[in-house]
Structures are given as C-alpha cells and as structure tokens.
Amino acid sequence: MHIIVSRWTIFGVDRFGKGVRALNGIDLDKLGEALRAVEEQWRDPEKRPLIGRRRARALWRGGMRSTVRTGSGGRFEVDEGLEPSAGEPTPTSVEYLIGSLAGCVLLTFVYLATLRGIEVQDAEVSVEGELGNVCNFLGLSDEGTPGFTRVSITFYVRSGAEEEKIRQVFEEALRRSPVYRTLEGCVSLSTSLRVFR
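Everything in this summary refers to the structure shown in the same document.

Quick notes on the rules
Residues numbered from 1 in each chain as written. Predicted model: local features only at pLDDT ≥ 70, side-chain atom pairs only at ≥ 80, totals over all residues. Heavy atoms only, no water. Axes fitted to C-alpha atoms, helices over the stretch in contact; angles between N-to-C directions. Helix = DSSP H or I, 4+ residues; strand = E, 2+ residues; numbered from the N terminus. Parallel < 35°, antiparallel > 145°, perpendicular 65-115°, else oblique. Left-handed = near helix turned anticlockwise from the far one by under 90°. Contact = heavy atoms within 4.5 Å. Nonpolar A, V, L, I, M, F, W, Y, C, P; charged D, E, K, R; others polar. Core = buried A, V, L, I, M, F, W, Y, C linked by side-chain atoms within 4.5 Å. Buried < 20%, exposed > 50% of the residue type's maximum accessible area, 1.4 Å probe, protein only. Pairing = 2+ DSSP bridges.

This part covers the packing of helix α3 (residues 93–115) against helix α5 (residues 163–176). Where α3 meets α5, the axes come as close as 8 Å, and the angle between the chain directions of the two elements is 125°. Here α5 runs oblique to α3, going by the angle between their axes. The way α3 lies across α5 gives a crossing that is right-handed. On α5, the residues touching Val 105, Thr 108, Phe 109, Leu 112 and Ala 113 of α3 are Ile 166, Val 169, Phe 170, Glu 172, Ala 173, Leu 174 and Arg 176. Class assignment for the residues of the contact of α3 with α5 results in nine nonpolar, one polar and two charged.

As structure tokens, then:
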C-alpha cells in the first residue's frame, strides 16, 4: 500500500488488521492528510510564516519557579531546584532543553522511518549534557559559560530493518530535527547509534 502526498510517498504495513493503515503507531491516512494541509499552507505566501511560528510565555510563580504556557495550549512547570520542594520534583530549564532534544530527535526518527516503511519495534534516546560553569549562572563567577559546553546523544533502536537503512534515517533525523539543528552551532554535539534486532 502507498499513500502519495505530492513529493512524499508513505509506505504502510497492512498487518494491523483489515482496513487499518498504520505503522509505528501512526495512522497513515491522517499523516497523509496532515502533510497535504501543511504543503498547501506552505504554497500560500501569507500563511507560510505561520507554519513554523511557535510561542511560549513564562509566568513567575515565586522563588525559582515558573509556569510556561505554549501557543498550542500546553503547559509545564520549571523549577531551578535551589529550594527544597514538596511532592514531585520539577525539571529545571536545562533539563527541559536536553529533554526536548531527546524527544525531537526520537520523534523525527520515527516519523522518517514511517515515511520509508521501516517498522520500529522500540526506540530510546539518552542525552547527557555538561554545563560549563554553574557558578556563572548563580552569579558566583564570571568565568566560562553557564550554558552547555558538550551534549552527547545515544540513540537505541530495535528494528528488523537493515542497519544501514536505520543509520541513514538516523542521520537524516539529525539533519531535520529542529531542536538538534538549533543547538548544532551553539554547543559541541556528539551522537552514537545502537541498533538491536
């Protein structure tokens, strides 16, 4: 089965039941509709700038805590962790950053694998970052940078596809991941891929 969306061909696997067209948990018909809608917006010069625009707004909640609301209606809490908190720990802003990197690379990979008809049984991304000088952030030092100086990404995937095909999709996922590409020129990024059967 194939779905043609102008320049994209989505390959499906029809083994999930008669009439169900899904691969990697993605409904291929809905994916095709979404791609057609985005492509149509992209052709309209007035709508084109709106496709990629994202918004977020942070509201201070006292202490070192904030609530972030996104333009899509999402909401999350940020806590820099300088004070003990009751209940579940809240991620810091830098943990959200590396978590966003992990999630973006992972979902970009699954999306691209789906477009190429590659079934993914399991996938996980591990990201580890090293901050330059935490004391700079705290105002205790002017040396170095408070930002990440090094970030490493390890991608684990289990698939029956050829390892070379998986590697090609992984490399393309890095090229197409908005978060990876945003960080690419700002911090030293290293990547590794582990494929399992």
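This brings us to the nonpolar core. By size, the foremost hydrophobic cluster in this structure holds 34 residues, and its most contacted members are Leu 101, Phe 109, Val 127, Phe 155, Val 157 and Ile 166. Elements supplying a minimum of two residues to this core: α1 (28–43), α3, β8 (122–131), β9 (148–158), α5, α6 (178–184) and β10 (188–196). Take this core: its biggest share by element is nine residues, from α3. Aside from chain neighbours lying at most four places away, what touches Ile 166 is Phe 109, Ile 118, Val 157, Ser 159, Ala 161, Leu 193 and Val 195.

Moving on: the sheet that holds strand β5 (residues 56–60). Ordered by their spatial adjacency, three strands build an open sheet running β5-β6-β7, and the pairing between neighbours is antiparallel. The sheet terminates laterally at β5 and β7 (75–79), the two strands that pair on one side only. Averaged over all adjacent pairs, the angle separating strand axes in this sheet is 25°, with direction ignored. Direction of pairing for β5 relative to strand β6 (residues 65–70): antiparallel, over a ladder of five bridges. Opposite Ala 58, over in β6, you have Val 68 as the bridge partner.

The values reported here are purely geometric and, on their own, carry no functional implication.
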